[in-house]
Amino acid sequence: MAIERLQQSTTAEGALRAVRNAILDGTFPPGSQLREVYISTELGISRAPLREALNRLELEGLVVRIPFRGAFVAEVSPKVAAEIAALRAILEPYAVECALPYFATTEGRAELADAVDTLGERTAAGDRPGSIEAHLAVHGVLYRASGNQALYEVWKSWESQLRLFLAVDHQAFPDLSDLAESHRALAAAIETGDTGQVRRELAGHIHSQVPESVSGAQSDAREAS
């Protein structure tokens, strides 16, 4: 395990960031146990800020606690991921079509471009945790810009599960820059207002099924723990 060692005076915020990054970059794969003594020793901190960090990660949906066993990285359910993908295939094109008038404005184009540029920066730096957050942020912009609050709330309800899914999915990219390029192509299609092209681009962003790497990673983690 390779987690950045922290200072003894580190607050729960620092521990939260370190453990969250370790989950998102695959150091702690789905299903793996988060042993407090071991992790606090590796981080060089006391267990109090670590426990607070784990509590917050549980609220985020990244950690689950099992009575008498401890804390574990939440697992990605292939069934749930596939169900979310099926819904996204219907709702995301609708969200973008609703958002096209906004993206036709200078403000809208700038907001989408900034989100895609951030994704490009994170992928260029090889920052997997950062690329996951930036990836979610790009699609979050699409839902928020639709002007449909109920639709945006649906997106937000998926974020924790998608974050876990992307933690595995991003590891399948030999070059993360491919991810950024695909989103630049999506942004370009949105800027043209060509709904047919937008739908074709979105189809490449929404997985119709969970890749084998998701269930495989979970099985490996269960065996290791």
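All values derive from a computational prediction rather than experimental measurement.

Each value, and the rule that gives it
Residues numbered from 1 in each chain as written. Predicted model: local features only at pLDDT ≥ 70, side-chain atom pairs only at ≥ 80, totals over all residues. Heavy atoms only, no water. Helix = DSSP H or I, 4+ residues; strand = E, 2+ residues; numbered from the N terminus. Expected span 1.5 Å × (residues − 1). Buried < 20%, exposed > 50% of the residue type's maximum accessible area, 1.4 Å probe, protein only. Pairing = 2+ DSSP bridges. Axes fitted to C-alpha atoms, helices over the stretch in contact; angles between N-to-C directions. Parallel < 35°, antiparallel > 145°, perpendicular 65-115°, else oblique. Contact = heavy atoms within 4.5 Å. Nonpolar A, V, L, I, M, F, W, Y, C, P; charged D, E, K, R; others polar. Core = buried A, V, L, I, M, F, W, Y, C linked by side-chain atoms within 4.5 Å.

A. Molecular detail of helix α7 (residues 149–169). For α7, built from 21 residues, the straight-helix expectation of 30 Å at 1.5 Å per residue is met to within 8% by its first-to-last C-alpha distance of 28 Å. Listed as buried for α7 are Leu 151, Tyr 152, Trp 155, Trp 158, Leu 162, Arg 163, Leu 164, Phe 165, Leu 166, Ala 167, Val 168 and Asp 169.

B. The sheet that holds strand β1 (residues 33–34), seen in detail. If you trace the three strands from one edge of the open sheet to the other, you get β1-β3-β2, paired in antiparallel fashion. Only two strands of the sheet have a single neighbouring strand rather than two, namely β1 and β2 (63–66). One ladder, built from two bridges, connects β1 with strand β3 (residues 70–73); its direction is antiparallel. Bridge pairing in β3 places Gln 33 opposite Phe 72.

C. Quick look at the packing of helix α5 (residues 106–124) against helix α8 (residues 177–192). With their axes 8 Å apart at the nearest point, α5 and α8 run at an angle of 170° to one another. As the angle between them shows, α5 and α8 are arranged roughly antiparallel. Residues Arg 109, Leu 112, Val 116, Leu 119, Gly 120 and Thr 123 of α5 form the contact with α8, whose participating residues are Ser 177, Leu 179, Ala 180, His 183, Arg 184, Ala 187, Ile 190 and Glu 191. Looking at the contact of α5 with α8 residue by residue, the class counts come to seven nonpolar, four polar and three charged.

D. Focus on the nonpolar core. Ranked by internal contacts, the top residues of the largest apolar core, which has 37 residues, are Val 19, Ile 23, Phe 28, Leu 34 and Leu 57. Secondary structure elements with two or more residues in this core: α1 (12–24), α2 (36–43), α3 (47–60), β3, α4 (78–103), α6 (128–144) and α7. Looking at this core element by element, the count peaks at nine residues for α7. By size, the runner-up hydrophobic cluster in this structure holds 21 residues, among which are Val 96, Ala 115, Ala 134 and Leu 202.

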